[in-house]
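This is what each chain is made of:
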Amino acid sequence: MALDGSLERLRREGHIVVVGASLAGLRAAETLREEGFTGTLTLIGDEPYEPYDRPPLSKQVLLGRVPVDHTALPRRLAIDARWRLGVAATGLDMAAKRVALADGTSVEYDRLLIATGVRSRPWPNELEAGLDGVFTLRTRDDAARLVHRLRAGPRRVLVIGAGFTGSEIASVCRERELPVTVAERGPAPLVGALGGVIGEVAAELQHEHGVDLRCGVMVTGLEGDGAGRLRRAHFSDGDALEAEVAVVALGATRNTEWLAGSGLAAGPRGIACDAGCRAFDIRGIVADDVFVAGDVARSPHPLFGYQFLSLEHWGNAVAQAEVAAHNMISPGERRRPHLWTPYFWSAQFGVNIKSVGVPNMADQVIVSQGSLGEHRFTAAYGYQGRVIAAVTFDQAKWLEFYQRQIEQAAPFPPPFTAVDRRPEGMRPVPAGFPDPSVPTHGPEVTVSGHSPTDQRVTFTPA
Amino acid sequence: MTSVSLLGQILDHANRADPYPLYAELRRTPVVRDEFGPYLVSTYWEIHSLLHDPRVSSDVRHLAPEARTTVSTDDPDLPPSFIRLDPPDHDRLRRLIMRTYGPPHTPRRVYDLRGEISSIVSDLIDRFQGRDRIDLVEDFSYPFPVTVICRLLGVPHEDEQRFHGWADTVATAIEPPVGTPEERQAHREAVREARHQLAAYLSGLIDQRRRAPRDDMISGLATDRGADESPMSLPEMLSNLTLLLIAGHETTVNIISNGMLTLLRHLDALERLRADPDLIFPLVEELLRFEPPVQLLPERTTLDDIEIAGTTIPKGASLWLVPASGNRDPQRFPEPDRFRPDRPDNQHFGFGSGIHNCIGAPLARLEAQAALTELVRRLDNPRLVEDPPPYRRNAVLRGPRHLAIAYDGLKR
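Predicted model only: the values in this text are computed from it and were never measured.

Things to note about the overall build of chain A
Argument step 1. The helix and strand tally for chain A stands at 9 helices and 30 strands.
Argument step 2. At 22 Å, chain A has a C-alpha radius of gyration in line with the 23 Å of a compact globule built from 462 residues.
Argument step 3. In terms of overall dimensions, chain A has C-alpha extents of about 65 × 65 × 40 Å along its principal axes.
Argument step 4. Pairs at least 24 apart in sequence give 67% of the contacts found in chain A among residues at least 6 apart.
Argument step 5. Total accessible area on chain A is roughly 18200 Å²; 50% of this is exposed by carbon and sulfur atoms.

Some points on the sheet that holds strand S15 (residues 240–242) of chain A
Consider a sheet: its strands pair through backbone hydrogen bonds, and that pairing is either parallel or antiparallel.
Residue and element names in this part refer to chain A.
Argument step 1. Across the sheet, 3 strands lie side by side as S13-S14-S15; this open sheet has antiparallel pairing. The open sheet has two edge strands with one neighbour each: strand S13 (219–224) and S15. The mean inter-strand angle of the sheet, taken between neighbouring strand axes irrespective of direction, is 20 degrees.
Argument step 2. Across 3 bridges, strand S14 (residues 230–235) lies against S15 in antiparallel orientation.

Some details on the domain arrangement of chain A
Residues and elements named next belong to chain A.
Argument step 1. Annotation of chain A at the domain level lists domain 1 (5–119 + 253–334), domain 2 (126–251) and domain 3 (343–447).
Argument step 2. Across the contact, 12 residues belong to domain 1 and 17 residues belong to domain 3.
Argument step 3. Here domain 1 and domain 3 share an interface that buries about 1300 Å² over both sides, 62% of which is from carbon and sulfur atoms.
Argument step 4. It is Leu303, Phe304 and His313 in domain 1 that bury the most area against domain 3; as a group they hold 43% of the surface buried on that side.
Argument step 5. At the junction of domain 1 with domain 3, the criterion picks out 2 residue pairs in polar contact (both at pLDDT 80 or more).
Argument step 6. Residues of the side of domain 1 that touches domain 3, tallied by class, amount to 7 nonpolar, 3 polar and 2 charged.

Examining the confidence of the model for chain A
Argument step 1. For chain A, the mean per-residue pLDDT works out to 93, and 95% of the residues sit at or above 70.
Argument step 2. Every residue in residues 458–462 of chain A is under pLDDT 50, and counting partners more than four places away or in other chains gives 9 contacts.

Observations regarding the pattern of salt bridges
Argument step 1. Tallied over the entire structure, the rule returns 58 salt bridges over all chains.
Argument step 2. Measuring nitrogen to oxygen at the nearest pair gives 3.0 Å for the salt bridge that ties A:Glu322 to A:Arg76. Of this pair, A:Glu322 sits in helix H8 (residues 314–328) while A:Arg76 sits in the loop between helix H3 (60–63) and strand S3 (82–85), and the two are 246 residues apart along the sequence.
Argument step 3. Here A:Arg76 falls in the partly exposed class, since its relative accessible area comes to 42%.
Argument step 4. Close ionic contact of B:Asp159 with B:Arg162 constitutes a salt bridge, the shortest N to O distance being 3.4 Å.
Argument step 5. Within the structure, one salt-bridge network assembled from shared partners comprises A:Arg27, A:Glu30, A:Arg76 and A:Glu322.

Observations regarding helix H11 (residues 234–265) of chain B
Argument step 1. The terminal C-alpha atoms of H11(B) lie 46 Å apart, and with 32 residues this matches the ideal 46 Å at 1.5 Å per residue to within 8%.
Argument step 2. H11(B) sits mainly inside the fold: 27 of its 32 residues count as buried.

Quick notes on the packing of helix H8 (residues 160–171) of chain B against helix H9 (residues 181–211) of chain B
Residues and elements named next belong to chain B.
Argument step 1. Across the interface, H8 lies against H9 with an axial gap of 8 Å and an inter-helix angle of 140 degrees. As the angle between them shows, H8 and H9 are arranged oblique. Here the hand of the crossing between H8 and H9 comes out left-handed. Every residue of H9 that contacts H8 at Arg162, Phe163, Trp166, Thr169 and Val170 is listed here: Ala190, Val191, Ala194, Arg195, Gln197, Leu198, Tyr201 and Leu202.
Argument step 2. Residues belonging to the contact of H8 with H9 are distributed by class as follows: 9 nonpolar, 2 polar and 2 charged.

What counts, and where the lines are drawn
Here, residues in each chain are numbered from 1, in the same order as that chain's written sequence. Ligands are numbered from 1 and chains lettered from A, in the order in which they are written. Predicted model: local features are reported for residues with pLDDT of at least 70 only, side-chain atom pairs are reported and counted for 80 or more only, and whole-chain, interface and lining totals are derived from all residues. As a rule here, side-chain values cover all heavy atoms of the structure and leave hydrogens and water aside. Counting from the N terminus, the helices are the DSSP runs of H or I reaching at least four residues and the strands are the DSSP runs of E reaching at least two. Only the C-alpha atoms count toward the radius of gyration. The rule for a globule is 2.2 Å times the residue count to the power 0.38. When checking whether two residues touch, look at their non-hydrogen atoms; a contact exists if any pair is within 4.5 Å. Every accessible area reported is derived by Shrake-Rupley at a probe size of 1.4 Å, with residue values counting cover from the shown protein chains alone. For two strands to be treated as a pair, DSSP must find no fewer than two bridges joining them. Lines fitted to the C-alpha atoms define the axes, with helices restricted to the stretch that makes contact. Angles between their N-to-C directions range from 0 to 180 degrees. For the purposes of this description, domain bounds are those given by an automatic or database domain assignment. The term buried area denotes the loss of accessible surface (1.4 Å probe radius) that occurs when two parts are joined, taken as the sum for both partners. Definition of a polar contact: a pair of N or O atoms within 3.5 Å, with one able to donate and the other able to accept a hydrogen when the atoms are protein atoms, and with sequence-neighbouring residues admitted only if both atoms are side-chain atoms. We call Asp, Glu, Lys and Arg charged. Ala, Val, Leu, Ile, Met, Phe, Trp, Tyr, Cys and Pro are nonpolar, and the rest, Gly among them, are polar. A score from 0 to 100, pLDDT tells how confident the predictor is in each residue. A pairing counts as a salt bridge when a side-chain nitrogen of Lys or Arg comes within 4 Å of a carboxyl oxygen of Asp or Glu. Buried residues are those whose accessible area, probed at 1.4 Å on protein chains only, stays under 20% of the maximum for their type, while exposed residues exceed 50% and partly exposed ones sit between those limits. Helix span is expected to be 1.5 Å times the residue number reduced by one. Here roughly perpendicular refers to angles of 65 to 115 degrees, roughly parallel to angles under 35, roughly antiparallel to angles over 145, and oblique to all remaining angles. Take the far helix as the reference: if the near one is turned anticlockwise from it by less than a right angle, the crossing is left-handed, and if turned clockwise, right-handed.

What follows is the structure, encoded as C-alpha cells:
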C-alpha cells in the first residue's frame, strides 16, 4: 500500500524534534531510524548528559558499586541526531510548529514528540530545601551529590517519604551501615502503591534491617545551623531528630509548565494523549503533529475502563516511545495503540519486588502463593470480582501468569489450585489503600478519569 | 487425530537425527493428548504460558503411578532434587544453591572459571596434533564439561574419570524405557548402582570439605548455615549435587556437538565466526534455539483444569512440553528452520523458562562460547565425515553419539 505523498516526504526529509533526551526520547529516536525515517532528527534535553538510566541511581550508584557516569543507556543503533543538550524547552507554538529553548533560540518541527518526564517534588519550604544536606534524587547530578555525602559517613540520614525511591534509599543506607530514619505520612511504606496489607510487610522489612521507621507522622520543619547546614528535623508528633542528611522522596511532578498557553491538554497530571500517543489539545481534539510518551503522558487504557493512566514506569517509557515513534511516521491504518500492561520493579532490603497491573485500583487482595510472614509471596489484587493487579516479593517468575489473568479479566479471588498456595491464601482481605486524593510517592500509577482535558488535581491536605 | 502416536515416533531412535518434521506435525494441534497418555504441548506461546503457570507442578508425586512414563534420575532413597519439586521446597533449595553459585552472594563463581575453561579447551585441542580426524564427542565434547563441573564443584582431578562413568549411566535414566521387561529391569539396576556409588563418593567429599573448606561449591554447600531457613541436609546435598552433575554435563556435551555439527552444515556461518569472533554471542543463542540440548520437558502435572488453545487439560494429567518444537514455531520465529547466527529477538527455550529455568545457563554459555570459538579458529578446513552422524538413544537430551570431523591441520 503506497504512502501518501506528504507522509513519504516526512519520512524521507522531514524534521522530527524530540523534547526530552532520556529513556523515552532515546528509544523513540532509535525506533524512528529503525523504521526508516531518514530526515533530520533533533533531541532536546535540559540535562547536559547523553541519555542515561535512572533505576540504578537509587540502587547500585548510591551503593557505590557503579560510578554515576557509567549509567549511560545502551544504544541499539546509531541515530544520527542533532543533540541540543543542557538546554530546556521553554515554550511551544503549535501554529508555527516551533519549540522555544531556554537559550533564546527555537527549533521548528514537522512532527514533535514530547517526552519531558517528571522531576522530583521538592521540599515545599524553599529556605529549608536550600540547607546543605537536603537532597532529592532524580538525576545523575542528584545521585552524585548524595553518594558523595553518604560516603562521608553522616551520623544519621533522614528519608522523608517511604514510597519506592525513599525505601530504596533507606535500604542503601542500611547496606552502608548508616543509621537511617524514615518518616512516612501514611500508615506503612509503599502503602500508596501496594496498599496496607503489603505495606505491612514492607514495614517489617525496614524494621528487620534496622531502619528507624516512623509512620503516621509528617516532617514539619528542617532546621539548619549557623552555617546553613542541616542539623535537625521536626515531626508532627512533636519529636525532633538530629540528622546531617535529609533526602526528600515525596514523589514527582510532571514537567508540563513549559507548555502553559500552548493549547495542549497539559497540566499537573501530565499531557493527555490518545491510545496512539497523539496529544489532545484543550478542546479534546487530537493534534496531528504532536505526540507524547513516557512519564509525562496520560493515555486511556482499555483494561481499566478506558480511564486515563499516568505511569512512571521504565517499561512504559520504552513501550510507549516505540508506539509513538512508529505512529509518527505511519499512515492511519498502520498505527498501533499503546496497550502496555503496567509493570514495575524495585530492589530493597534484599528483596526483589515486582508489580503488574494497577494495584491501587483494587478493593481486595489475596496471597495466592507463598506467605506474607516469610516475605516471599505473590499477592493478587481484585476489583469488583476480577484480577486487576499482582505483586511479587522474590517470586517474580510467576508474574507473567498473573499478567495474563489481568488481561483476560480472570475472576477474583483466583479459584484454582496452585503450587505453594497456603491456607492464608484462601481468603481475600481489604487491600487497604489510603484515600486516593492523598498524593503518594514512587513509581506511580495514577488513574485519572475519562476526560482528556481534565486538569484538576486536588491534594489533601491542600 | 493421529493414528500412530507422535510421541512414539519422537522417541523412536530412527527419528533421532531429524525430529523437526515430527514437531511440525505436532504443532498442527498445539495441545494434543497422545495415545501414550500424556498431553503434548508443542507451540511457543502455549509452552511459554504453561512454564509460567502455577497450576502446573513438577512434582511427580502429584502424578498417578500409572501415568508415569519415565524412570526418575532421582535416587528413591534420597529426597527429590529441586528440579522435581515445587515451591516452597524448590525455592528453598534453589536459593541455597544460588548462595554458593551466583549473585548476589557469590557473583564471581562462574566468571572466575573463564581462564580455566579456556585452558581446558586449549589443552584438549592440542591433543588433536598429528591427526587428521577426530571424533569430537569422544575427544572433546565429553571430557570438556565434566572437567569444568568437577572444578566448579571441587572434585579432585584424579577422580574425574570415575565421575564421568557414573554421570553417563545415571543420565540414561531420564530416557523413556525401551526393550523387554528384563532389559528395563537391568537398566534400572545399573542406574541404581551408579547412583549409589556416586552418592557414597560425594558423601566422603562433603565430609572432607566440611572439615577443610576450599573455594568451591561443595565447600560452600557443606559450610552454609542458610540465611533465614534451614541449610541443606546431607541427603538433600547428595540429591541435588547429582542433579547438577548430570544436568551440567550431558547438556553441555550436546550443545558443543550439535554446535559443531550445525556449523559444519552451514559453512558460511563458520567462516563468519572465524572472521568475527564476537559473532559467537548471538550464534550460541541461535544454536540453543535451533538444536536445543534439552528437547522435551516430560512429566509435569496439572493441579487443576487448565484451558489452553481451545483444549481443557484435566487436573492430574501428565504434561510433556516440547521446547525444541516451540523453538521452531513460525508464529514466534520468522523462518524458524533457517540457522541465522545473528538472529534478533531470540528468546528461545534452550534453557527453559519460568522457575525451573536452567540454573547452569551462565556456565553453559561460557563453555559453548569458548569451545566453539576455539574449535573454529584452530581447525583448518574442518568437514563432516558422516552426515547425519549416529545419535545417542536419549530423546530428551538429544545429541550425536559420535561426530567424526576431518581437517587439514591445526593452527596454534
